[in-house]
Amino acid sequence: MDILACPMCRNFPLKLLVFERESRYKVDNTVKCELYCSYHVGAVSELGETRCAECYSYEIINGLITCPKCGRWYAIIDEIPIMLPDYLRDRSRDEEFIAKWGKNIPPEILEKISLS
Ligand SMILES: [Zn+2]
Ligand SMILES: [Zn+2]
């Protein structure tokens, strides 16, 4: 998550919402997110002590990435963040994603990402 920037406006960091995750890796306690911790949701400099062993031990299966700057959103489906620019977006996949995970998305975000 440290490396992701918005493919359209290049904003960084992006916000992450996790729907489903799996604890999968064994990591030691020395690992840390570099700039922005998407698991603890905040800039590392503001969070102070972050236990990023947790971040690194989880694999995100399904989730949502939102860009606070331009308001775009990107799905994480089966562990893969779909970070595509507008012209490559697959509308039916977007609709399917919202139909499936809409109930997990806070209303104020859902309102912004719903397809008109
Ligand atoms: Zn972290
Ligand atoms: Zn953006």
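Model, not experiment: these values are computed from the prediction.

## Focus on the overall build of the protein chain
When you go through the protein chain residue by residue, the secondary structure sums to four helices and six strands. Sequence-ordered secondary structure for the protein chain, helices as α and strands as β, is β-β-β-α-α-β-β-β-α-α. Over its C-alpha trace the protein chain gives a radius of gyration of 15 Å, about what one expects of a compact globule, namely 13 Å for 116 residues. The burial tally for the protein chain puts 18% of its 116 residues in the buried class. Taking as baseline every contact in the protein chain between residues at least 6 positions apart, the subset at least 24 positions apart corresponds to 54%.

## Topic: the sheet that holds strand β5 (residues 73-77)
Here we have four strands laid out as an open sheet, ordered β1-β4-β5-β6, and antiparallel in their pairing. Each of the sheet's edge strands pairs with one partner strand only, and the pair in question is β1 (15-23) and β6 (80-81). Bridge count between strand β4 (residues 58-66) and β5: four bridges; the pairing is antiparallel. Residue pairing across strands places G63 opposite I76, the latter belonging to β5.

## Quick word on the confidence of the model for the protein chain
For the protein chain, mean pLDDT is 86; residues scoring 70 or higher make up 93% of the total. When mean pLDDT is taken per element in the protein chain, β5 scores highest with 95 and strand β3 (residues 42-43) scores lowest with 76.

## Details of the environment of R89
With respect to the secondary-structure elements, R89 resides in the loop between β6 and α3 (91-101). What makes R89 partly exposed here is the crowd of 13 C-beta atoms within 10 Å. Expressed as a C-alpha distance, the spacing of R89 and P107, which sit 18 residues apart in the sequence, is 23 Å. Those residues in contact with R89 that lie beyond four places of it in its chain are L84 and D94.

## Things to note about the nonpolar core
Membership of the largest hydrophobic core comes to 13 residues, with the highest contact counts inside it found for L14, L64, I65, W73, Y74, A75 and I76. Among the elements of the structure, β4 and β5 are those that each provide at least two residues to this core. Sequence-distant contacts of L64, defined by excluding residues within four places in its chain, comprise L17, W73, A75, I76, W101 and I105.

## Comments concerning unusual backbone geometry
Cis rather than trans, the peptide bond between F12 and P13 has omega equal to 0°. Tracing the chain through its elements places P13 in the segment before β1. Phi at D78 is positive, roughly 50°, even though this residue is not glycine. Considering the arrangement of structural elements, one finds D78 in the loop between β5 and β6. In this structure D78 comes out as exposed when scored by C-beta crowding, with 9 C-beta atoms within 10 Å. Not every positive phi belongs to a glycine, and E79 is a case in point at roughly 80°. Overall, the presence of 13 C-beta atoms within 10 Å leaves E79 in the partly exposed class.

Cut-offs applied
Residues numbered from 1 in each chain as written. Chains lettered and ligands numbered in written order. Predicted model: local features only at pLDDT ≥ 70, side-chain atom pairs only at ≥ 80, totals over all residues. Helix = DSSP H or I, 4+ residues; strand = E, 2+ residues; numbered from the N terminus. Rg over C-alpha atoms; globule rule 2.2 N^0.38 Å. Buried ≥ 20, exposed ≤ 12 C-beta atoms within 10 Å, placed from the backbone. Contact = placed C-beta atoms within 7 Å. Pairing = 2+ DSSP bridges. pLDDT = per-residue confidence, 0-100. Core = buried A, V, L, I, M, F, W, Y, C linked by C-beta atoms within 7 Å.

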